[in-house]
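Here is what each chain is made of, one letter per residue.
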Amino acid sequence: MTSQALPLLSLLVLHGPNLNLLGKREPHIYGSVTLEEINQFLLKEAERLGATVVCLQSNQEGVLVDQIQEALGKYQGIIINAGAYTHTSVAIRDAIAAVKIPTVEVHLSNIYQRESFRHHSYIAPIAIGQISGFGPNSYRLGLQALIDYLRQN
Ligand code: DQA
């Protein structure tokens, strides 16, 4: 065992469309926790695990693509809940593939228990993994998985 401190990891958390409405939006599916509460929790959890996170939300596909492109050289990993763009956006998938930043896809709901149009993710094949169905805990699990992955690789 070495007593050397591990390098601080810089991570980007991206939230896609309608996730700004968490807490009010279909609470029977997405629960009552707000996006602000999720972000605050991630900031603390990241600090505990030796990382910093920047959390951004956009309802616009192009803004998410821009954020992914700008992440190059700034962040070592990305956690993304692309919301409905998960199921439609080749552009977001291509941006993640282009920057080659290890990315974990997360969803609050279990997308495979829901409508069939939610069963396909354009992001999953180029993500290091996907976590779906654990409510706000999906983000916490995604953060832990991403940090473990980056420390090992
Ligand atoms: C979601 C699942 C998507 O199908 C949906 O469009 C969302 C939220 C989730 O976190 O469960 O907006 O990504």
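Look up a bit, the structure's there.
This text gives an overview of the structure that appears in the document. Note that the structure is predicted; figures quoted are calculated from it, not measured.

With respect to the environment of Arg118
Then, number 1: Assignment of secondary structure puts Arg118 in the loop between β4 (103-107) and β5 (129-132).
Then, number 2: Classification of Arg118 by relative accessible area gives buried; the value is 16%.
Then, number 3: In contact with Arg118, other than residues within four places in its own chain, are Tyr30, His87 and Ile111.
Then, number 4: There is a polar contact of 2.7 Å between the side chain of Arg118 and the side chain of Glu115.

What to know about helix α4 (residues 90-99)
Then, number 1: When we look at burial in α4, the residues that qualify are Ile92, Ala95, Ile96 and Val99. An end-on view of α4 places all buried positions within 95 degrees of arc, on one side of the element.
Then, number 2: Its buried side turned inward, α4 meets α3 (61-70), β3 (77-81) and β4.
Then, number 3: By the N-cap criterion, in which a side-chain oxygen at the helix start approaches the backbone nitrogen of a residue two or three places on, α4 is capped by Ser89, the distance to Ala91 being 3.4 Å.

Some thoughts on the site of the ligand
Then, number 1: In the region of the ligand, the neighbouring residues are Arg25, Tyr30, Asn81, Gly83, Ala84, His87, His107, Leu108, Ser109, Ile111, Arg114 and Arg118.
Then, number 2: Contact distances for the ligand include 3.2 Å between an oxygen atom and a backbone N or O atom of Ala84.
Then, number 3: Taking Ser109, its side chain carries an N or O atom lying 2.6 Å from an oxygen atom of the ligand.
Then, number 4: When the ligand is considered free in solution it has 330 Å² of accessible area, and contact with the protein chains removes 99% of it.
Then, number 5: Split by residue class, the shell around the ligand holds four nonpolar, five polar and three charged.

Overview of helix α2 (residues 35-48)
Then, number 1: Along its 14 residues, α2 runs 20 Å from first to last C-alpha, staying within 8% of the 20 Å computed at 1.5 Å per residue.
Then, number 2: Inspection of α2 places Leu35, Ile38, Asn39, Leu42, Glu45 and Ala46 among the buried residues, and these make up the whole buried set. Within α2, the buried residues cover an arc of 130 degrees as seen down the axis, which keeps them to one side. In this structure, α2 carries Lys44, Glu47 and Arg48 as exposed residues pointing more than 90 degrees from its buried face.
Then, number 3: On its buried face, α2 is in contact with β1 (9-15), β2 (51-57) and α5 (137-152).

Quick notes on the environment of Pro7
Then, number 1: Among the secondary structure elements, Pro7 is positioned in the segment before β1.
Then, number 2: Residue Pro7 is classed as exposed on the basis of its relative accessible area, which comes to 56%.
Then, number 3: Taking the C-alpha atoms as reference, Pro7 lies 9.1 Å from Arg151; in sequence the two are 144 residues apart.
Then, number 4: Residues within four places of Pro7 in sequence aside, it is in contact with Gly50 and Arg151.

A look at the pattern of salt bridges
Then, number 1: Per the stated rule, a full pass over the model turns up three salt bridges.
Then, number 2: One salt bridge in this structure joins Arg114 and Glu115, with 3.8 Å as the shortest N-O distance.
Then, number 3: The closest approach of N and O atoms between Arg118 and Glu115, which form a salt bridge, is 2.7 Å.
Then, number 4: Judged by relative accessible area, which is 36%, Glu115 ranks as partly exposed.
Then, number 5: One salt-bridge network, held together by shared partners, links Arg114, Glu115 and Arg118.

What counts and how
- Residues numbered from 1 in each chain as written.
- Predicted model: local features only at pLDDT ≥ 70, side-chain atom pairs only at ≥ 80, totals over all residues.
- Heavy atoms only, no water.
- Helix = DSSP H or I, 4+ residues; strand = E, 2+ residues; numbered from the N terminus.
- Buried < 20%, exposed > 50% of the residue type's maximum accessible area, 1.4 Å probe, protein only.
- Contact = heavy atoms within 4.5 Å.
- Polar contact = N/O pair within 3.5 Å; in protein donor to acceptor, adjacent residues only side chain to side chain.
- Arc of directions from axis to C-beta.
- Near = heavy atom within 4 Å.
- Areas by Shrake-Rupley, 256 points an atom, 1.4 Å probe, with all protein chains shown as cover.
- Nonpolar A, V, L, I, M, F, W, Y, C, P; charged D, E, K, R; others polar.
- Expected span 1.5 Å × (residues − 1).
- Salt bridge = Lys/Arg side-chain N within 4 Å of Asp/Glu carboxyl O.

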